[in-house]
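Here is what each chain is made of, one letter per residue.
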Amino acid sequence: MNWITRIISVADKIKTAVRKRATKSEIAASKYISCHGVPTEKKIIEENNFVCPECNFHHYQTPSQRFDMWFGKNNWTKIDSPKVADPDPYRWEDKKKYTDRLKEAKKITGQDNAILSCEAKINDIDIVVSAVNFKFIGGSISLNEGENVLASVQTAIEKKCPYIFVSGSGGMRMMTNMLSLMQMTRMTIAINELKKNNLPYLVVVASPSTGGLQASIASTGDICIGERGATMAFAGKRIVEATTKTELPNNFQTVEWQMEKGQVDIVLDRKDILPTIEKLLSILLKKNSVISTEENETKKNTQSLSKVAS
Ligand SMILES: [Zn+2]
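Bear in mind that the values here come from a model prediction, so they are computed numbers and not experimental data. (Residues numbered from 1 in each chain as written. Predicted model: local features only at pLDDT ≥ 70, side-chain atom pairs only at ≥ 80, totals over all residues.)

Section: the overall build of the protein chain
Stage number 1. Looking only at helices and strands, one finds 12 helices and nine strands in the protein chain.
Stage number 2. Principal axes of the C-alpha set define a box for the protein chain whose edges measure 100 × 45 × 45 Å.
Stage number 3. In the protein chain, 64% of the contacts between residues at least 6 apart in sequence involve partners at least 24 apart. (Helix = DSSP H or I, 4+ residues; strand = E, 2+ residues; numbered from the N terminus. Contact = placed C-beta atoms within 7 Å.)

Okay, structure coming up:
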């Protein structure tokens, strides 16, 4: 084989490899997903709440999947929010019309907007939870998403119960421009109202949490819980690297790195998040506390003393 035939055979191999690359729909239809360098059965990962049992990698989990995991199917009630009259005031069009993108996102996720909110109970405590669906135009925030957060916070205030926000967003939606950016202020004002009512506000940072949402309400929680391995950032790593011209560590902008810097309070595996929220809320609300605190011990001792006395 001379050098010309060798080059031709290499070129043929490259062509075959390129041709064989799976399409998006083929990947979606496949029974396997790539994890820890090998094809892994999707079913195995799904049954473990989308966490790989081999390498503990936390795969993406949608809001409804998370609510089902936390509260059980049919044990949570969706909060409906008012819909804005015109979600596309700029008549935005890039490769596609924005209105078509919205239709597509609604079809994929089954949601009206990128945020799904619900009322539920944990450990007999009423709670309101909102979670962002990254599959809805990258979890970006626009007018209807802002309305959803406002309606959910309002529900929490009316019910006098804690509010939990599970972030996972690419930021504010560029198709609605300034009107999206305005939601950062509106949502932050809503959270301030919650805090004025002395109601706990917890944030769970799921991957990826970036941009404007991270620069507003996802950073104002009384307690911030990071989900193992999640990205938490404002601008992306490459942008920071290019701007500051510095070499950044491998774990840069992970919740583990953010915890070292004081931005995150605790990093937990997905399975441990709800039990931890239960404990935190029972302490914050001084209700059904499962934690041995000085106050609980005193209460317990007094109760046993009065039992003996009677
Ligand atoms: Zn894995």
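Notes on the domain arrangement of the protein chain
Stage number 1. For the protein chain, the domain assignment lists domain 1 (25-59) and domain 2 (60-292).
Stage number 2. Each of domain 1 and domain 2 has a C-alpha centre, and these two points are 24 Å apart.
Stage number 3. If you look at the interface, domain 1 gives six residues, while domain 2 gives 10 residues.
Stage number 4. Of the residues that constitute the side of domain 1 that touches domain 2, the class distribution is three nonpolar, three polar and no charged. (Domains from an automatic or database assignment. Nonpolar A, V, L, I, M, F, W, Y, C, P; charged D, E, K, R; others polar.)

Some points on the sheet that holds strand β7 (residues 201-205)
Stage number 1. On the basis of which strands lie adjacent, the open sheet formed by seven strands has the order β3-β4-β5-β6-β7-β8-β9 and mixed pairing. Each having just a single partner strand, β3 (77-78) and β9 (266-268) make up the two edges of the open sheet.
Stage number 2. Running at roughly 170° to strand β5 (residues 125-132), helix α6 (residues 143-159) makes contact with β4 (115-122), β5 and β6 (163-167) of the sheet.
Stage number 3. With respect to the sheet, helix α11 (residues 270-284) is in contact with β4, β5, β6, β7, β8 (223-227) and β9, its orientation differing from that of β8 by roughly 165°. (Pairing = 2+ DSSP bridges. Axes fitted to C-alpha atoms, helices over the stretch in contact; angles between N-to-C directions.)

Focus on the pairing of β8
Regular strands show a simple pattern: their side chains alternate between the two faces of the sheet.
Stage number 1. Most of β8 is tucked away, with four of its five residues classed as buried.
Stage number 2. The pairing of β8 with β9 spans three bridges and is classified as parallel. Looking at the pairing, E227 lines up with L268 of β9. (Buried ≥ 20, exposed ≤ 12 C-beta atoms within 10 Å, placed from the backbone.)

What to know about the pairing of strand β2 (residues 38-41)
Stage number 1. Direction of pairing for strand β1 (residues 32-35) relative to β2: antiparallel, over a ladder of four bridges. Bridging across to β2, I33 finds its partner in T40.

Thoughts on helix α5 (residues 98-109)
Owing to its 3.6 residues per turn, the α-helix brings residues three or four apart onto one side.
Stage number 1. The first and last C-alpha atoms of α5 sit 16 Å apart over 12 residues, in line with the 16 Å expected at 1.5 Å per residue.
Stage number 2. G110, located one to two residues past α5, shows a positive phi value of around 75°. (Expected span 1.5 Å × (residues − 1).)

Brief notes about the nonpolar core
Stage number 1. Counting residues in each nonpolar core, the largest one holds 47 residues, and the members touching the most others are Y163, I164, V166, V203, V204 and V205.
Stage number 2. If you tally residues by element for this core, the top one is β5, at five residues.
Stage number 3. Setting aside anything within four residues of it in sequence, one finds V205 in contact with S167, A218, C224, I225, G226, E227, A230, M232, V255 and V264. (Core = buried A, V, L, I, M, F, W, Y, C linked by C-beta atoms within 7 Å.)

Observations regarding the environment of Y60
Stage number 1. Assignment of secondary structure puts Y60 in the loop between α3 (42-47) and α4 (63-71).
Stage number 2. Considering only alpha carbons, one finds Y60 and R228, 168 residues apart in sequence, at a separation of 12 Å.
Stage number 3. With sequence-adjacent residues up to four places away left out, Y60 is seen in contact with F50 and F134.

Some words on the environment of V38
Stage number 1. Looking at where V38 falls in the secondary structure, it is placed in strand β2.
Stage number 2. Its 9 C-beta neighbours within 10 Å are what place V38 among the exposed residues.
Stage number 3. Sequence separation between V38 and I277 is 239 residues; the distance between their C-alpha atoms is 34 Å.

Some thoughts on the packing of α6 against helix α7 (residues 177-196)
The geometry of a pair of packed helices is captured by two quantities: the angle between their axes and the separation between those axes.
Stage number 1. Relative orientation of the contacting elements α6 and α7 amounts to 5°, with a least axis distance of 9 Å. Put simply, α6 runs roughly parallel to α7. Along the contact surface, α6 presents L143, E145, G146, V149, L150, V153, A156 and I157, while α7 presents L179, Q183, R186, M187, A190, I191, E193 and L194.
Stage number 2. Class assignment for the residues of the contact of α6 with α7 results in 11 nonpolar, two polar and three charged. (Parallel < 35°, antiparallel > 145°, perpendicular 65-115°, else oblique.)

So, the environment of R186
Stage number 1. Position of R186 relative to the elements: it lies in helix α7.
Stage number 2. For the pair R186 and V149, spaced 37 residues apart in sequence, the C-alpha to C-alpha distance is 9.1 Å.
Stage number 3. If near-sequence neighbours (up to four positions away) are discounted, R186 is found in contact with G146 and L150.

Describing unusual backbone geometry
Stage number 1. Cis geometry marks the peptide bond from S207 to P208; its omega dihedral reads -10°.
Stage number 2. With respect to the element layout, P208 can be found in the loop between β7 and α8 (211-214).
Stage number 3. A positive phi angle, close to 65°, is found at D124, a residue other than glycine.
Stage number 4. Tracing the sequence through the fold places D124 in the loop between β4 and β5.
Stage number 5. Backbone geometry places K245, a non-glycine residue, at a positive phi of 50°.
Stage number 6. For K245, the location among the structural elements is in the loop between α9 (237-244) and α10 (255-260).

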